[in-house]
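Structural description and commentary
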Amino acid sequence: MNSDELPIPDQTPDTGAVLPELKLPDRIADLTEQAQTLQREIESLAMIRDELQAQVSQTQTAIGRVVQQNLSDLEQRRQTLQVSIEQLERRQERIRNEMKSSFAGSSQEIAIRVQSFKDYLVGSLQDLAIAAEQLELPTVQPEPQPVPIQTATEPEAVSPNFAESAFQEEARKIRSVIDQFRNQPDYYGPVWKLRRTFEPVHAERVSNWFFKQGGRGAVRTMGSRLQNILVASASTSILYNLYRDRLRVLVLANSPERLGEWRRGLQDCLGVTRSDFGSDRAISLFEAPEQLALKAERLDKDGFLPLLVVDETEEVIHLALLQFPLLLAFAPSPQQMIQQPPLY
């Protein structure tokens, strides 16, 4: 056979070669349907993805709001706690200042609370002994009592003078009580009895006022109002021991704050309560000397014995106060007197 001649194909039909050509459209249709199915699945998955992304975004937003709210609550609580801490610190500082400025002997409070029962009995027996002495007084010659002043021209005739011989019994009792205050303090004694540590410097002020000034004059300040209140409380306790319910204490200070210190100090030193303070009670507080003088005059007419106590901040003594037999004024220190007018 010549190489240039091509073979003539067989004209006999081949059924095996025709069959694949007849199934091709069906396969194309199947592939198209599968492609469409995959496309729908892709779109479905894309929708699910978008929904999940939206849910994640919403969850993140919700978590952010919760975290922000919790942070705000925590910040508010922190600020509240900070304010509470500052208040407690200020309160602690006030308590420390009050402890530093308290009366002499206040540091002994813990030791006082553990005192033995024997010491308490000794103090009680001493009170009974003093009460027994007072019960025996009517059996002897009556003691001269201070007579209320009728006129301002003769104050010396009715003023109690504890240095005179006629008042030797009172002087003995006063010295006895002062010694008891110094040597045997009773921190849980009855009302109107001194409940604080009584130092020699306090005893000197009280003794001079009773025996050198006759219960009527000015004593040098102790340097602080609390110490002055201690001296006034001791004098009041002694006078109450002598005159009982006849005694009325009238305190003069020129501001409510200072009167508040006097009230708290007298409560602390004498065991009195708020019910003992008032215009018709045993202790009265005044800011003006005129009001105090009017009250003292009414008490004098009613048979009471007014004790006038003047705070050291009063620059002058009102003349109307000089008519009464019992006057305890606290004079400022020499350094203050250089810049202030003297007491009249």
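Data block above holds the structure.
Figured I'd write up the structure that's included with this text.

How each quantity is defined
Residues numbered from 1 in each chain as written. Predicted model: local features only at pLDDT ≥ 70, side-chain atom pairs only at ≥ 80, totals over all residues. Heavy atoms only, no water. Salt bridge = Lys/Arg side-chain N within 4 Å of Asp/Glu carboxyl O. Helix = DSSP H or I, 4+ residues; strand = E, 2+ residues; numbered from the N terminus. Buried < 20%, exposed > 50% of the residue type's maximum accessible area, 1.4 Å probe, protein only. Pairing = 2+ DSSP bridges.

Notes on the pattern of salt bridges
- Tallied over the full model, the rule gives eight salt bridges.
- Arg49 is the salt-bridge partner of Asp50, the closest N and O atoms lying 3.4 Å from each other.
- Residue Asp268 is joined to Arg196 by a salt bridge in which the shortest nitrogen-to-oxygen separation is 2.4 Å. Of this pair, Asp268 sits in helix 7 (residues 256-270) while Arg196 sits in the loop between helix 4 (168-183) and helix 5 (200-212), placing them 72 residues apart in sequence.
- Three or more residues are tied together by salt bridges with common partners; here these are Arg225, Glu261 and Asp311.

Considering the pairing of strand 5 (residues 326-331)
- Of all the six residues making up strand 5, six are buried; the element is thus mostly covered by neighbouring parts of the structure.
- Side-chain alternation along strand 5 places Leu326, Leu328 and Phe330 on one buried face and Leu327, Ala329 and Ala331 on a second face that is also buried.
- Both strand 1 (residues 216-220) and strand 5 contribute to a ladder of five bridges, which runs parallel. Its bridge partner lying in strand 5, Ala218 is registered against Ala329.
- With four bridges connecting them, strand 4 (residues 305-310) and strand 5 associate as parallel partners. In the strand pairing of strand 5, Val310 is matched with Ala329.

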